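Understanding the architecture of this molecule
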Amino acid sequence: RSSEIWLKSGGSGTGAAPPPRTRVDERGALPAAPPPTLGAMSALVRITTGIMAQHSRVGVSRAMAQFGEVIHCHKPPYSGIPGEDFVNVRFATQDAADRAYAALKAGQVFIDGFQVGVGPTPGGGGKGGGGGGGKGGKGGGG
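Source: prediction; values computed, not measured. Here the residue numbering is sequential within each chain, running from 1 through the sequence in written order. Given that this is a predicted model, residues contribute local features only at a pLDDT of at least 70 and side-chain atom pairs are listed and counted only at 80 or more, while totals for whole chains, interfaces and linings are drawn from all residues. Excluded from the side-chain calculation are hydrogens and water; included are all heavy atoms of the structure.

**Here's the deal with the confidence of the model for the protein**
Residues at a pLDDT of 70 or more form 55% of the protein, whose mean pLDDT is 74. Known as pLDDT, the predictor's confidence for each residue is given on a scale from 0 to 100. Helical segments are the DSSP runs of H or I of at least four residues, strand segments are the runs of E of at least two, and each set is numbered from the N terminus. Summarising per-element confidence for the protein, the mean pLDDT is lowest in strand S1 (residues 4-8) (45) and highest in strand S5 (residues 87-91) (97). This stretch, residues 34-39, has a pLDDT under 50; its non-local contacts, to residues over four places away or in other chains, come to two contacts. Low pLDDT (under 50) marks residues 124-136, which in the prediction has 16 contacts with non-local residues, meaning those over four places away or in another chain. Two residues form a contact once any of their heavy atoms are found within 4.5 Å.

**A closer look at the nonpolar core**
Across soluble globular proteins, you tend to see nonpolar side chains buried next to one another. Residues enter a nonpolar core if they are buried and are Ala, Val, Leu, Ile, Met, Phe, Trp, Tyr or Cys, with the set joined through side-chain atoms within 4.5 Å. The classification of residues rests on relative accessible area computed with a 1.4 Å probe and restricted to protein chains. Under 20% of the type maximum is buried, over 50% is exposed, and intermediate values are partly exposed. Judged by nonpolar contacts, the single largest core of 22 residues is most densely connected at Ile47, Val60, Met64, Val89, Phe91 and Leu104. Looking at this core, the element that brings in the most residues is helix H2 (residues 94-105), giving six residues.

**Some details on the pairing of strand S3 (residues 43-47)**
Within S3, four of the five residues are buried, which leaves the element mostly enclosed by the surrounding structure. Sheet analysis places S3 next to S5, joined by five bridges and oriented antiparallel. Each residue of the ladder has a partner; that of Arg46, found in S5, is Asn88. Two strands are counted as paired when DSSP detects at least two bridges linking them.

This is how it looks when you write it as structure tokens:
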């Protein structure tokens, strides 16, 4: 990651509003595009039910691409503990995430022949853990 330098551009020195600043890197190059604003962040959906050991990040990404552009998919190693396994899928738009979430909630999404979804893990909740499915559902781009 390159360090950034902020340069002041021209200023009248009259005590008026401070001059605008321009961000450049250590080579003096301007950034290709301004950093995204908070509202422009991508949308995340967390799949919490039906995740199997044989599911891959690529397989999940392909299955979720039917709802819109998938820009990131994170699948931790399979634990086999009910309520602990999940996959995070980040979409380019909130609309795509909303469509995916609705289909997951309705039980309409299958990955490699296995139904996956969001919400509490079926049959979970015994003594000493299990039950819940973690923080299922979707979140804003944070």
